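So you can see what is in the structure, the chains are spelled out below.
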Amino acid sequence: MNSIKHRFHLIILSLFVVANLNAQVKDSIIHTRDDIGDMNAAVIRAGEFPGAITLPGSHVSLAIGGFIKATAIYDTKYSVKNEIIMPGTFKSSDFNEGQSYIGARSSRLFFDGRVTYDGLAIKGYYEMDFRGAYGFTLRHAYLQLNNKKGQSLLMGQYWSLVMDLKSIPEGLVEPTMSGGGFSRHGQIRFVTPLSNSLSLSISLEEPNSTDIKGEAILPQNRYADVIGFLSIDPSEAVHLGLTGMYRPLTYVVQSTRNKEVENGWLGNATAVFKPGAKDKIALSAMIGSGASNYIMGTDGTGAYYSENSLELQVERGGFGSIGHKWNEKLRSNLALGMFHADELDTNPNPHIKSSTFGFVNTFYRLNKYVNVGIEWLYTNKKQFNGEGFTNNRIQFGIQIF
């Protein structure tokens, strides 16, 4: 156990020292609001929503914003009223004769406060949507410091570093692609440029052991997950990303009270190409072991304990997408993601073999404040016991602001 802690501390210290020795000036400020699932992200990035006021008696600028997104959904088989659809979680009780749903729970509200003091750009951000059981869900809440070298320190809840945000395709609600990273975690993240085209990010993320299953064990959140991400941007037309994660899965055997650790891991590679001003092509491939809490398309089981041992599930997947801008008002996206898991021989319960998530959508921008979109979604799950579930979804959305 002590050797694990020593390796853990050595990895973090080494990466931090290398990052500081190579730091150069580069902007690492996070966008004004979360791009993922935002139908109007391009306008926000262009700076047409400054919206900040200076708080009386201070130099702090505060912006309050968000958007209203109304969606109308028709499912052919799936019967759960949820604007987010995740095929890895499908079960037989969810499948009857489909449903229709109209709502606006994907709307968002955010607070963004910023001040520059003594050479540091300081940011506090809070964002929620309205899909939770109590009327809202916390999406992001974090503090961020940026220095003049372009280095950044973030602490709070944000997208996990396993996600390469530049590779995520544009979806009408949330592009929860099978075979891709898609999760939010509490974390401490350090970002530094290594050169004009290289950037290194390191995060310690809150351990979540809910994907350790089995009888007579108690999962523990003992050690933080360690994630490193290298962003390679040789030009505006090419972006490459490499991700590695070390995940110490900890649990207690109830009969003996012994504390055990198994080493989970994940590797991911992404590539984004922009051959012209109108096109974006993204590719992603990943492989992992015991990493289900970080991967979309899973059923939430990353490891299973039986017969005095913990068996980690080997997971593979990836996705590809193409986005095309027809003109200043009309754009479309095509995406397909797939996930595959090895069978857990010790798991007696029906569990996932594969899942698929694909979509085609088209968005029309009425003006800089109003976007409309239509999307067809295909989702499928297969289990090792031979069961399979397939759903087609047609959804229409309107977003204001």
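Note that the structure is a prediction, hence the values are computed from the model and not measured. (Residues numbered from 1 in each chain as written. Predicted model: local features only at pLDDT ≥ 70, side-chain atom pairs only at ≥ 80, totals over all residues. Heavy atoms only, no water.)

Undergrad: I keep staring at the overall build of the protein chain and nothing clicks. Help me out?
TA: The number of helices and strands found in the protein chain is two helices and 22 strands. Within the protein chain, buried positions represent 47% of all 401 residues. Split by element, the accessible area of the protein chain, about 18700 Å² in all, is 61% carbon and sulfur. (Helix = DSSP H or I, 4+ residues; strand = E, 2+ residues; numbered from the N terminus. Buried < 20%, exposed > 50% of the residue type's maximum accessible area, 1.4 Å probe, protein only. Areas by Shrake-Rupley, 256 points an atom, 1.4 Å probe, with all protein chains shown as cover.)

Undergrad: Teacher, can you tell me more about the sheet that holds strand 16 (residues 303-306) here?
TA: Through backbone hydrogen bonds, the strands of a sheet pair up, either in parallel or in antiparallel fashion. A sheet is described by the order of its strands in space; here three strands give the open sequence 10-16-17, paired in mixed fashion. With partners counted over all chains shown, the strands left at the sheet margins are strand 10 (212-214) and strand 17 (309-312), one partner each. Averaged over all adjacent pairs, the angle separating strand axes in this sheet is 30°, with direction ignored. Bridge count between strand 10 and strand 16: three bridges; the pairing is parallel. The residue bridging Gly-214 from the neighbouring strand is Tyr-305, located in strand 16. (Pairing = 2+ DSSP bridges. Axes fitted to C-alpha atoms, helices over the stretch in contact; angles between N-to-C directions.)

Undergrad: Would you mind showing me how to read the pattern of salt bridges here?
TA: Where charged atoms from two side chains of opposite charge approach closely, those side chains can pair. Enumeration according to the criterion identifies 19 salt bridges in this entry. Across the pair Asp-34 and Arg-139 runs a salt bridge, and its minimum N-O distance is 2.5 Å. With a gap of 105 residues between them, Asp-34 in the loop between helix 1 (2-21) and helix 2 (41-45) and Arg-139 in strand 6 (residues 137-146) connect regions that are remote in the sequence. For the pair shown, Asp-34 and Arg-139 are each scored as buried. The salt bridge involving Arg-247 is made with Asp-225; its shortest N-O contact spans 3.7 Å. Placement of the pair is Arg-247 in strand 13 (residues 238-253) and Asp-225 in strand 12 (residues 225-235), with a sequence separation of 22 residues. In this structure Arg-247 comes out as buried when scored by relative accessible area, which is 2%. (Salt bridge = Lys/Arg side-chain N within 4 Å of Asp/Glu carboxyl O.)

Undergrad: In this structure, what is going on with the side chain of Asn-40? I would like to understand it.
TA: With respect to the helices and strands, the residue Asn-40 is situated in the loop between helix 1 and helix 2. Within polar-contact distance, the side chain of Asn-40 engages the side chain of Asn-371 at 2.8 Å. (Polar contact = N/O pair within 3.5 Å; in protein donor to acceptor, adjacent residues only side chain to side chain.)

Undergrad: Which parts of the structure should I look at to understand the nonpolar core?
TA: Side chains of a nonpolar character, in soluble globular proteins, are inclined to be buried together. Val-162, Met-245 and Leu-266 are the most contacted members of the largest nonpolar core, which has 24 residues in total. Those elements that place two or more of their residues in this core are strand 7 (152-159), strand 12 and strand 19 (330-341). The dominant element in this core, judged by the number of residues it contributes, is strand 7, at three residues. In terms of nonpolar packing, the next biggest core, distinct from the first, is built from 11 residues, Phe-90, Phe-319, Ala-335 and Phe-357 among them. (Core = buried A, V, L, I, M, F, W, Y, C linked by side-chain atoms within 4.5 Å.)

Undergrad: Would you mind showing me how to read the side chain of Thr-356 here?
TA: Among the structural elements, Thr-356 can be located in strand 20 (residues 352-367). Classification of Thr-356 by relative accessible area gives buried; the value is 12%. Once residues within four sequence positions are removed from consideration, Thr-356 is found in contact with Pro-87, Ser-178, Leu-336, Gly-337, Met-338, Tyr-378, Thr-379 and Asn-380. (Contact = heavy atoms within 4.5 Å.)

Undergrad: What should I look at first to understand the pairing of strand 15 (residues 279-289) in this one?
TA: On any regular strand, side chains alternate: one points to one face of the sheet, the next to the other face. Two strands pair when backbone bridges link them, and strand 14 (residues 258-276) and strand 15 are joined in this way by 10 bridges, in the antiparallel orientation. Of the residues in strand 15, the one forming a bridge with Asn-268 is Met-286. Hairpin remark: strand 14 followed by strand 15, antiparallel, with two residues in the connecting loop.

Undergrad: What's the story with unusual backbone geometry in this structure? I'm lost.
TA: Look at Ala-216: it is not a glycine, yet its phi comes out positive at around 65°. Of note in this structure, Glu-307 is not a glycine but carries a positive phi near 55°. Mapped onto the elements of the fold, Glu-307 is located in the loop between strand 16 and strand 17.

Undergrad: I keep staring at the environment of Thr-270 and nothing clicks. Help me out?
TA: Tracing the backbone shows Thr-270 in strand 14. Looking at Thr-270, the relative accessible area reads 6%, which means it is buried. Sequence separation of Thr-270 and Ile-168 is 102 residues, and the distance between their C-alpha atoms is 9.9 Å. When sequence neighbours within four positions are dropped, the list of residues in contact with Thr-270 reads Asp-164, Ser-167, His-239, Leu-240, Gly-241, Leu-283 and Ser-284. Here the side chain of Thr-270 touches Asp-164 through a polar contact of 2.4 Å, side chain to side chain.

Undergrad: For this particular structure, what's the right way to read the environment of Thr-362?
TA: You can see Thr-362 is positioned in strand 20. Given a relative accessible area of 30%, Thr-362 falls into the partly exposed group. The spatial distance from the C-alpha of Thr-362 to the C-alpha of Gly-373 is 5.6 Å, given a sequence separation of 11 residues. Within the local environment of Thr-362, its side chain forms a polar contact with the side chain of Ser-332, the two groups lying 3.0 Å apart.

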